[in-house]
Structure formats: structure tokens, C-alpha cells
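Geometric and topological summary
Residues per chain, in single letters:
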Amino acid sequence: MTTTHVPQSVAPEAATASSTTASAPAAIGKAARLLALSAGAFMFLFPFYYMVVGSLQTEPDSSPGGAVPDPGDLSLDNYAAINATVPLGRALLNSAIYTGGVVIMSVVVGALTGYALAQLRFRGREALFTVLILLQLVPFTLSLIPLYILIVRDYGLGDTYLGMILPGAVNATGVFIFRQFFLAIPADLFDAPRVDGASELQVLRYVALPLIRPALLTVVLVTFIGPWNDFLWPFLVTKDRHMQPLAVALANYISSQAGNADNPFGAILAGAVVLAAPVVLLFVLFQRHFSATNLSSGVKG
Amino acid sequence: MSPDTASITAGRLGDVAGKKQPPRPRRPVRRLLGQHPIGIAFVTPYTVFLAVLAAYPILLALWISFHDFFFTAPGVDVPKPFVGLDNYADVLSDPLVRRSFVNIAIFLAINVPLTTIAALALAAVLNAVLPLRGFFRTAYYLPYVTASVAVVAVWLWLFSRDGLVNTILGHLAPQPSWLVNETLVMPLIALYVTWKQLGFFVVLYLAALQNIPRQLYESAAVDGAGRLRIWWSITVPSVRPATTLVVVLATIWGANLFTEPYLLTGSGGPNGASMSPVLIMYQKGIQQGKPDFAAALGFVLVAAVLALSLLNRRLLERE
């Protein structure tokens, strides 16, 4: 292992690095760090492993030996059990429509707003941006009760997809990410098509958007997580079981089964795996899009 | 065509530069609405969303909190009299509300320092060149992107009376068990949330660490500073803006705790030991039909969080 460092230390930039001489204490320090990190990673990953194991055990075994499953004892019975109470197909469809609605709204409205804020000069631009940042500072908790009154009571949008989607459309993450990417493009680039008589919408569609294709994927991925995982708001809006997204349906199953059945964990864990799998998969596949700048852009502006 | 180069410089600078130019013929519409009036059309949908779904609800919440408000059938107009600060008085004198604020204080006292220290330490280790760095980043980040409802299910199983944690602890297992133990339940929820959100804060710190100029470390090494000295004199002060953000965000998220006590302890049990303000807002405002009480509680909570955040910022930035 240490021999691989030798050619590096010859390189001029690497000469400044502290690890030029792989002395014994440095190697021990590195090993210790790796060990600590591995122990930490185990703590972070074990619950996920345990979730899958428990969901496959006919009778979830909570003894230490149960963490290493017996291949003969594994079955999909728990998935059938949760599916009998919480029809998974319907719940997944509800989750998909709710999430898809928020994502489409965030992309369309976010691209329009982000482009205008970054590249167009018009009256009220600075004011809008200030208001946008200020409103991000107000926690959702404050608008929880009035939004419930407006959407569920006044407009009768309880148990509808629109009622679930609407508050998500205010999510400013898309606006911030798009604005950030559009700011990085020199304004000159848009002048040529304008001179040629392209409308501003055409400039956005055919010139600006193709230039920031990575941002598009980032916005889709980052806004996907929110509604897919969200519990509180869709929980308030949906009382009809056929309209509940999976997170809400599973939560209701957990709170009605806790202490009820003898061993309800198998079915609960099976539901948890189905709920967690799509996001985990997307995250592992598109990891680099989930950087801090993207995720915290909603906060930093 | 027009000398548009000024608009490359973003924002106000561009406008100022534009004004300094010799007067050129401009249509009155542009003088009134700006260089690209179409921009107003572009931002209209979002502005309407903001007004209807963000600004108006907050004003409505404020109005509700000062009135005797109750649910009526749509279209039925029943007088809702102004009651001044009565709702606020009810909130502040409610023993369960007080309990929930004590619970949140316990939560924050554990969660915020633990999150800050663990996230910075992990980020510093991850920032070093290491094998498997990508794997570690993914591992630590995974709980943050996964639905709380899904991971709560595993924790529920792990910490149940006959769960894995208690079977490993054997005689050392707490009596009563974790989630029904009045002393242990809030610390356990604080640990859970720390675990769940740590990855996000690690990535935040990683970005801050990568912005520290290398020369700072190099000149410190030349001056013969030890590792601990470098850590305290360069790393910690350099990431202070990130630290402020971490502390403020962790405080805000913690104060809005809902899903965890709702699912882990069956709505705030045992005996209200894990009751949270937002859980009370749900129970009072929606289940028991007292939105006025819930709205007032919302403002009390936000005021408390704001005060705490300002205090934190002061403390963090004074050092």
C-alpha cells in the first residue's frame, strides 16, 4: 500500500502534502481513522440491513442470532401480509402521483422563475428575491393550520391529489438551483437568439435549458425526495385510505398495529423496505447530484 | 445590438452601470417595467403561489390566533369574535404545552451539540484522502435521504421491549424499556434524529472544509504548529459560518419534531414525556377542533426558536 505513495510524492503538487513520508505514526493514524469510519458506517448501515432481514423472516427474530438470517427461514410472506392491509400498488401509485405533481410543478415554475431572476432585468426582481428568501425562514409549522383550513375545509381539496401537491409547489429549492445555474451562463449567449427574433420563452427552451441539463436532473432528484418521504402534510389531507401515499398508509399501519398484533414487525418492515427502496436506489445511482450546495441552496439563497 | 455588456455584471451593479450610460431612446414601457418586461410574466406563477400558499396562510394564522376560531361548514358565516391574547394565555398556561417545551429543550441539549461535533469530526476525517471515501459518504448520507416513516419502523423494532438492543444488553436493559421510559425516551429520540440527519450536516461541513485555502495549512505547518493547534486555530474558525448554519438548522428542525414521537411513542407517551409542540398543534388544532389554540402555539414556538437562534448566533460569532 505504502509503495503507491512513492510515485505521487514525486509529483510537484503532492510534495506539499503532509503524507510525503509514510512514517509509521501516520500509517497508524490512517488505519485508526479508517477503523473509526468503518465502525461509524456500520452504525449507519446496519438498520437498513436489519430492515431487509426482518422483512424477509417469517417470524422476525430479535435475538442477536436473528441478525444473521437462516436462508431456510426467508420468505416474502410479510410482503403479502402488508399488501393485504395496505394495498401496496395503490399506495405506491398515490405516492408517485403526489411526488410527480410536485416535481413537475417545481421544474416548470422553478425554471421560469430561476431564469427570470438570473437573466432578465425587470421591475420588482430584487423585491421578489428578498421576499422569497424571507419566506424560506418561516417554518412550515406556522402555515400548517391555516393551510389545512384553506385547502381541506374551505376549498374541499381533502383526499385529492391537488390538495397534497399544492403546498409542495411553493418549494423554493428548484428556483434557487435553477437561478444558480443560469447565473453561471454569460448573458451574451442569449443576445444572439434575441437579435434573431426569438421570444424569451424560446430562448429559455432552446438555448438556456439545454445548457443546464445537469441542473434539470438535480432539481428532479432533490425535489423527488421531499414529497416521497413527506408524512405530516399528506397525513393531514388524506383520510380516505385509497388516496394515501405509502408513507401515510404505512404510518397509519404502524400506529394501529403497535401493541396490537403479536409480532407486527414483519409486515411493518416489509412496508418500510418498499417505501425506502426507490429513494435509496436513486440516491446510490445519482449520488453526485445530492451535494451540499444543491441541498442547502434552499437555505443559503 | 444595444450596449448590453453591462448586464453581464449581475444585479444592481448592472442597473447602476446602465444608468450611467448616455441617454438612449427607451420605450416608456421599459422605463416603467425594466429592460425585460417579459420577466414579470415569467415570475407570475411562482409569485401567485407564494402569495396564496405562503404569505396569506401566515397572515391568516396570525388572525386566527387572535380570534375565537372554530371549524364551520364551508360558506357558513358565523361570527368569530376577537379575543385579544386569550389564546396565547391558554397556550402558556397549558401544562402539556409546558411539558412539550421542556421535552424539546432536552432534545436540543442533546441533539445540537452532538450533531455539530460529530458532523465536523466526520467531515474532517472524510476530507482526508482515504480509500473508500465515496462509500463512506454514501453510508453516512443514506438515513438522511430515506423516509423517516421507514427508518422509524426499524428503530421501533430495535428498541422494542424484546428487541435486539435489549436482548444484547441482557440484564443491563433499562426498566421500563426505552420507548416507555419517561427518562430515556427523549434522549433516545434525540439520538435517533442525530443519526438520521447527521449525513446532511457532514456534507455541509465537507463543502466548508474544501473552501479553506491550502496555504493556511501550509504556512501553519511551516511555523511548526501541531495538529491540535492547526485544528483549533485554522479549521474550527474557518468553518464558523457553516457551524452557525448547522446549529440554526438543527434547532429549527428539532423544534418542529412531529413524526418521531407520533410513531415511536404512540403520540407523545409515556405520560407526555415525548410530547412535542407540533404534535400538540395537530391534536388540538385538527383532532380537537381548536385551530385558534394551535395557531397561537405555532407563533409561540417560532418566537422561541427565533430567540434561541439569535442567542446561538451571538454566542457562536462572538468567540
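Residues numbered from 1 in each chain as written. Chains lettered and ligands numbered in written order. Predicted model: local features only at pLDDT ≥ 70, side-chain atom pairs only at ≥ 80, totals over all residues. Heavy atoms only, no water.

Naming follows an unreviewed UniProt entry, where chain B appears as Sugar ABC transporter permease of Micromonospora sicca. The UniProt entry for chain B carries the following text under Subcellular location (unreviewed entry): "Cell membrane". (UniProt positions renumbered as here; feature names shortened; annotations may be inferred.)

An unreviewed UniProt entry lists chain A under the name Sugar ABC transporter permease, with Micromonospora sicca as the source organism. Annotation of chain A in UniProt includes, under Subcellular location (unreviewed entry), the sentence "Cell membrane". What UniProt states about chain A under its Sequence similarities (unreviewed entry) heading is, verbatim, "Belongs to the binding-protein-dependent transport system permease family."

Some remarks on the interface of chain A and chain B
On the side of chain B, 96 residues touch chain A, which itself brings 103 residues to the contact. Interface area, chain A with chain B, both sides summed: about 8700 Å², of which 79% is carbon and sulfur. Broken down residue by residue, the surface that chain A buries against chain B is led by Leu 37, Phe 44 and Arg 121 of chain A, which jointly contribute 10%. For the interface between chain A and chain B, the tally reads zero salt bridges. Across the chain A-chain B interface, the total number found is 13 residue pairs in polar contact (both at pLDDT 80 or more). Considering every element that reaches the side of chain A that touches chain B, the biggest residue donor is helix H2 (residues 24-56) of chain A, with 17 residues. Classifying every residue of the side of chain A that touches chain B by side-chain character gives 70 nonpolar, 19 polar and 14 charged. (Contact = heavy atoms within 4.5 Å. Buried area = accessible area lost by both parts, 1.4 Å probe. Salt bridge = Lys/Arg side-chain N within 4 Å of Asp/Glu carboxyl O. Polar contact = N/O pair within 3.5 Å; in protein donor to acceptor, adjacent residues only side chain to side chain. Helix = DSSP H or I, 4+ residues; strand = E, 2+ residues; numbered from the N terminus. Nonpolar A, V, L, I, M, F, W, Y, C, P; charged D, E, K, R; others polar.)

Observations regarding the UniProt feature "transmembrane region" (unreviewed entry) in chain A
Residues and elements named next belong to chain A. UniProt's feature table lists "transmembrane region" (unreviewed entry) at residues 34-52, 96-118, 127-149, 161-182, 203-226 and 265-286, given in the numbering used throughout. Split by type, residues 34-52 is 100% helix and 0% strand. Its first and last C-alpha atoms lie 26 Å apart. Helix makes up 100% of residues 96-118 and strand 0%, and the two end C-alpha atoms of the span are 31 Å apart.

Concerning the packing of aromatic side chains
Tallied over the full model, the rule gives 41 aromatic pairs over all chains. An aromatic cluster is built from Phe 44 and Phe 48 of chain A together with Tyr 140, Trp 155, Phe 159, Trp 178, Tyr 192 and Trp 195 of chain B, whose rings are joined through pairwise contacts. Lying over the aromatic face of Phe 69 of chain B, Lys 80 of chain B brings its terminal NZ or CZ to 4.5 Å of the ring centre. Just above the ring of Phe 293 of chain B sits the side chain of Lys 284 of chain B; from NZ or CZ to the centre is 4.8 Å. (Phe/Tyr/Trp six-rings, centres within 6.5 Å; stacked < 30°, edge-to-face > 60°. Lys NZ or Arg CZ within 6 Å of the ring centre and 35° of its normal.)

A closer look at helix H4 (residues 86-93) of chain B
Turning to H4 of chain B, its buried residues number three or more, namely Asn 87, Tyr 88 and Val 91 of chain B. Axial view of H4 of chain B: buried residues confined to an arc of 100 degrees, hence all on one face. (Buried < 20%, exposed > 50% of the residue type's maximum accessible area, 1.4 Å probe, protein only. Arc of directions from axis to C-beta.)

Re the confidence of the model for chain B
Detail in the predicted coordinates should be disregarded across regions flagged by low pLDDT. Residue and element names in this part refer to chain B. Considering every residue of chain B, the mean pLDDT works out to 86; 90% of them sit at 70 or more. Within chain B, the lowest mean pLDDT, 41, falls on helix H1 (residues 11-20), and the highest, 96, falls on H4. Confidence drops under a pLDDT of 50 for residues 1-23, and excluding neighbours within four residues, the segment shows 20 contacts in the predicted structure. The ipTM, which scores confidence in the relative placement of chains, is 0.83 for this predicted complex, and the corresponding pTM is 0.85. (pLDDT = per-residue confidence, 0-100.)

Side note on the UniProt feature "transmembrane region" (unreviewed entry) in chain B
Residue and element names in this part refer to chain B. According to UniProt, the "transmembrane region" (unreviewed entry) feature falls on residues 40-64, 104-129, 141-159, 184-209, 230-255 and 293-311. Between the first and last C-alpha atoms of residues 141-159 the distance is 22 Å; the span itself is 84% helix and 0% strand. Helix and strand shares over residues 184-209 are 96% and 0% respectively, and the end C-alpha atoms of the span are 35 Å apart.

Details of the pattern of salt bridges
Here the structure, examined in full by the defined rule, presents six salt bridges over all chains. When the shortest N-O distance is used, the salt bridge between Asp 191 of chain A and Arg 194 of chain A registers 3.3 Å. With Asp 191 of chain A and Arg 194 of chain A both in helix H9 (residues 188-195) and three residues apart, this pair spans about one turn of that helix. A residue is classified by how much of its surface remains accessible, and Asp 191 of chain A, at 18% relative accessible area, is buried. In this structure, Asp 94 of chain B and Lys 284 of chain B form a salt bridge, with 3.9 Å as the shortest nitrogen-oxygen distance. One end of the pair, Asp 94 of chain B, is in the loop between H4 and helix H5 (95-127); the other, Lys 284 of chain B, is in helix H14 (residues 277-287), with 190 residues separating them in the sequence. Connected through shared salt-bridge partners, Asp 191, Arg 194 and Glu 200 of chain A make up one network.

Looking at the domain arrangement of chain B
Residue and element names in this part refer to chain B. Taken domain by domain, chain B comprises domain 1 (25-85) and domain 2 (87-318). The C-alpha-based centres of domain 1 and domain 2 are spaced at 33 Å. On the side of domain 2, eleven residues touch domain 1, which itself brings 13 residues to the contact. Of the roughly 880 Å² buried between domain 1 and domain 2, counting both surfaces, carbon and sulfur atoms make up 65%. Considering only the surface of domain 1 that becomes buried against domain 2, Ser 65, Phe 71 and Leu 85 emerge as the three largest contributors, covering 53% of it. Where domain 1 meets domain 2, there are zero salt bridges. Linking domain 1 with domain 2 are seven residue pairs in polar contact (both at pLDDT 80 or more). Split by residue class, the side of domain 1 that touches domain 2 holds ten nonpolar, two polar and one charged. (Domains from an automatic or database assignment.)

Brief notes about the environment of Gly 114 of chain A
Following the sequence through the fold, Gly 114 of chain A ends up in helix H4 (residues 88-119). In this structure, Gly 114 of chain A is in contact with Val 175, Phe 178, Arg 179 and Phe 182 of chain A, ignoring residues within four places of it in sequence.

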